[in-house]
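# Overview (structure and organization)
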Amino acid sequence: MFFCIYALRDITLGIEMFILGIWNPFLCQRSFLLAVLLAVSLGEEAAETGNDVRPNFILMMVDDLGIGDIGCFGNDTIRTPNIDRLAREGVKLTQHIAAAPLCTPSRAAFMTGRYALRSGLGSRGRVQVVLFLGGSGGLPQSEITFAKLLQRQGYSTGIVGKWHLGVSCESREDHCHHPNQHGFDYFYGLPFTLFNDCKPGEGKEILVDFERALRDLNVLAALSMATLVIVRVCGLLKVSLKVVFLLAALGLLGFAVWHIPFAHIQRWNCIIMRNQEVVEQPINLTTLMQRLIGEAEQFVERNQHKPFLLFLSLVHVHTPLFISEGFAGKSRHGLYGDNVEEMDWMVGRMVDVVERLGLAQKTLMYFTSDHGGHVEIANTQGHLGGWNGIYKGGKAMGGWEGGIRVPGVFCWTGRLPAGRVIDEPTSLMDLYPTLITLAGGQLPQDRVLDGHDLMPLMEGRVQRSKHEFMFHYCGVYLNAVRWHPPDSDAIFKAHLFTPNFSPKGAEGCYNIKVCQCHEGFVTHHHPPLLFDLARDPSETSPLSPDTEPRYAEVLRRVAEAVEVHRRTLAPVPDQLTWEQVLWKPWLQPCCGTFPFCSCSEANSTAGQVR
């Protein structure tokens, strides 16, 4: 306080001398330095006393949620009162678009504000996401996430839940792709994702046909070896013992290549980490929901007196569906509806902690999904994936609207207008510049950013989105282009190719469960299939020169935009090649001594900082 008084006195004296024409270089230099120190001191004092005007951020992302699963987006069979309240008291985005229809590329784009192929996370073949925690692919260290920039601004940053952007590169301990290396001070959750192998009895999901082929080859090799031994013992054929031992060694090696990675996938991929320590291996789903929400609440409580970013990356509603006792059988939409209602309850818990701590007026809350619902997934009890409302397609289906149009809700008490509905095109990538600008940071100038600050649009200072063109990718392949002409309310979308649905006449890739993007699995369109989403959001009636006066102009402008966009792309190392995604034992995160990895986290540890 005394420092501040003397600093103000000297600064005032310096200003008076300057006005009177009395120039004292030493005093002016000292006044300038004192002014700088005073600003720093006041900033530190504001942070310590909770007077920092920078907002907190709570970002909530659901996994595989369909836009039609939420009450405020049209669902009347599943109860989502907490998400509906956020939309009622905040801003709802009806044309909020994921940059990719699958987890890994969509989340990479969300984190970096850039299309995933700029990070090397676009697929050229069937492997479109990170497959093993023991793989070496992931979000490159050269990428600058919004968490890293907020961390530089003095924010406490945390992620609770799903990551799915890789862990290590060359050794088990380098953690080059880990959240701690990408700007998050604290991480608790799944470094991979939730999938069928994580729940006993749900079957297998990763490279099932590849595993089956390896298994069949091993059975064939074992039968051949047994036949050879029998023939030699019976004296029917002279076979060298060296040959027998060599074949036996090759057989054992083949067995290890098949059995070790695939028979133990639950142990390798289904784990919980706190920062860089494995605390549970394999995961216990029965207590997972309580632990995740407990960690999220306690992160907010620990950081309530300073600016913070919390990314609550929920594992709901990805299959396998698991449910807490209090929500089982409560919805009118079966097990999936129970999961959505439990997820909504978790959102309500986050709203409650913000209000209980008096942070509502200084916290921007955001709710979304990483992409659309999975329409092909089902069991004997029926459909287990999300509902994408009136929109065609779903998860993994390239640029079809059902796979990329997701719920978008922002709520900031006292700052954002309540009940505003925005029908303009927006993107998950827009979070990046929005957060950084609100935090007073500087956006990177050494790379292309594909998102735009949403605050002018949400506050009503502008009426149109900055996204005149949006590019929809399926892997590394440009699948569709959206054009919102500045002089029109039309929203045109041109599909350059579409996935081949199977069986014939279906609205999904039911024969292979997940649509693919590469040759043999798609149909190219010359000219592109063209729709006006403003008039035909379900993409059911392609436009033609007879039905759309601007048909030729739209195709010309789209082609020009594609050429301009492609000039912004630079070659980067692929992160999803077979070499990068297949399991490497020396990279496998492990609790204990590899390969005997096993540990269980007591419920009482949830929320503790280590």
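### Description of unusual backbone geometry
Negative phi values dominate among residues other than glycine, just as trans dominates among peptide bonds. H526 connects to P527 through a cis peptide bond whose omega is 0°. Relative to the assigned elements, P527 resides in strand β17 (residues 522-532). For the peptide bond that leads from F594 to P595, omega is 5°, which places it in the cis range. Mapped onto the fold, P595 is located in the loop between β18 (592-593) and β19 (596-597). With phi around 70°, D64 is a residue other than glycine that occupies positive phi space. Along the chain, the position of D64 falls in the loop between β1 (56-62) and α3 (81-89). Since its relative accessible area comes to 4%, D64 is described here as buried. Of note in this structure, H175 is not a glycine but carries a positive phi near 50°. Structurally, H175 can be placed in the loop between β3 (156-162) and β4 (186-190).

### Overview of the pattern of salt bridges
Applying the stated criterion across every chain yields a total of 34 salt bridges. The partner of K199 in a salt bridge is E202, with the nearest N and O atoms 3.9 Å apart. The class for K199 is partly exposed, based on a relative accessible area of 24%. Judged by its relative accessible area of 33%, E202 falls in the partly exposed class. Across the pair R291 and E601 runs a salt bridge whose closest N-O atoms are separated by 3.0 Å. Of this pair, R291 sits in helix α9 (residues 288-302) while E601 sits in the segment after β19; the two residues are 310 residues apart in sequence, bridging distant segments of the chain. Residues R291 and E601 agree in their burial class; the two are buried. Each of the salt bridges in this network shares a partner with another, and the network as a whole consists of R274, E280, R291, E295 and E601.

### Section: the nonpolar core
One finds F57, L59, F146, M343, M350 and F367 to be the most contacted residues of the largest nonpolar core, which totals 126 residues. Ranked by residue count, the leading element in this core is helix α10 (residues 334-356), at nine residues. Those residues within four positions of F367 in sequence are excluded, and the remaining contacts are M60, V62, L65, I70, I83, M343, V347, P407, G408 and V409. With 22 residues, the next largest nonpolar core counts A109, F471, F492 and L530 among its residues.

### Re the pairing of β4
Most of β4 is tucked away, with five of its five residues classed as buried. One ladder, built from five bridges, connects β3 with β4; its direction is parallel. Bridge pairing in β4 links G161 to G189. In this sheet, strand β5 (residues 272-274) lies alongside β4 in antiparallel orientation, the contact comprising two bridges. Bridge pairing in β5 places Y188 opposite R274.

### Thoughts on the confidence of the model for the protein
As a general rule, the predicted coordinates of low-pLDDT regions are not to be interpreted in detail. When the pLDDT values of the protein are averaged, the result is 89; 90% of them are 70 or greater. Segment residues 25-49: pLDDT under 50, and 23 contacts once partners within four positions in sequence are set aside and those in other chains are kept. Here residues 604-610 is modelled with pLDDT under 50, and outside its nearest four sequence neighbours on either side it reaches 20 contacts, counting other chains as well.

### A closer look at the environment of W345
For W345, the position within the fold is in helix α10. By relative accessible area, W345 is classed as partly exposed at 31%. Distance from W345 to N196, taken between C-alpha atoms, is 24 Å for residues 149 residues apart in sequence. Apart from residues no more than four positions distant in its own chain, W345 is found in contact with N82, M289 and F327.

### Regarding the sheet that holds strand β15 (residues 477-483)
Pairing is antiparallel in the open sheet, where four strands are placed in the order β14-β15-β16-β17. The sheet is open, and its two borders are formed by β14 (469-474) and β17, each paired with just one other strand. With direction set aside, neighbouring strand axes in the sheet form an average angle of 20°. In this sheet, β15 lies alongside β14 in antiparallel orientation, the contact comprising six bridges.

### Quick look at the packing of aromatic side chains
Considering all chains together, one arrives at 21 aromatic pairs under this definition. Ring geometry for F110 versus Y366: centroids 6.5 Å apart, planes at 15°, classification stacked. You can see F110 sitting in helix α4 (residues 103-112) and its partner Y366 sitting in strand β8 (residues 363-369), a full 256 residues away along the chain. The residues F110 and Y366 share a single accessibility class, namely buried. Relative to W583, the ring of W268 lies with its centre 5.2 Å away and its plane at 20°, an arrangement referred to as stacked.

The rules behind these values
- Residues numbered from 1 in each chain as written.
- Predicted model: local features only at pLDDT ≥ 70, side-chain atom pairs only at ≥ 80, totals over all residues.
- Heavy atoms only, no water.
- Helix = DSSP H or I, 4+ residues; strand = E, 2+ residues; numbered from the N terminus.
- Buried < 20%, exposed > 50% of the residue type's maximum accessible area, 1.4 Å probe, protein only.
- Salt bridge = Lys/Arg side-chain N within 4 Å of Asp/Glu carboxyl O.
- Core = buried A, V, L, I, M, F, W, Y, C linked by side-chain atoms within 4.5 Å.
- Contact = heavy atoms within 4.5 Å.
- Pairing = 2+ DSSP bridges.
- pLDDT = per-residue confidence, 0-100.
- Axes fitted to C-alpha atoms, helices over the stretch in contact; angles between N-to-C directions.
- Phe/Tyr/Trp six-rings, centres within 6.5 Å; stacked < 30°, edge-to-face > 60°.

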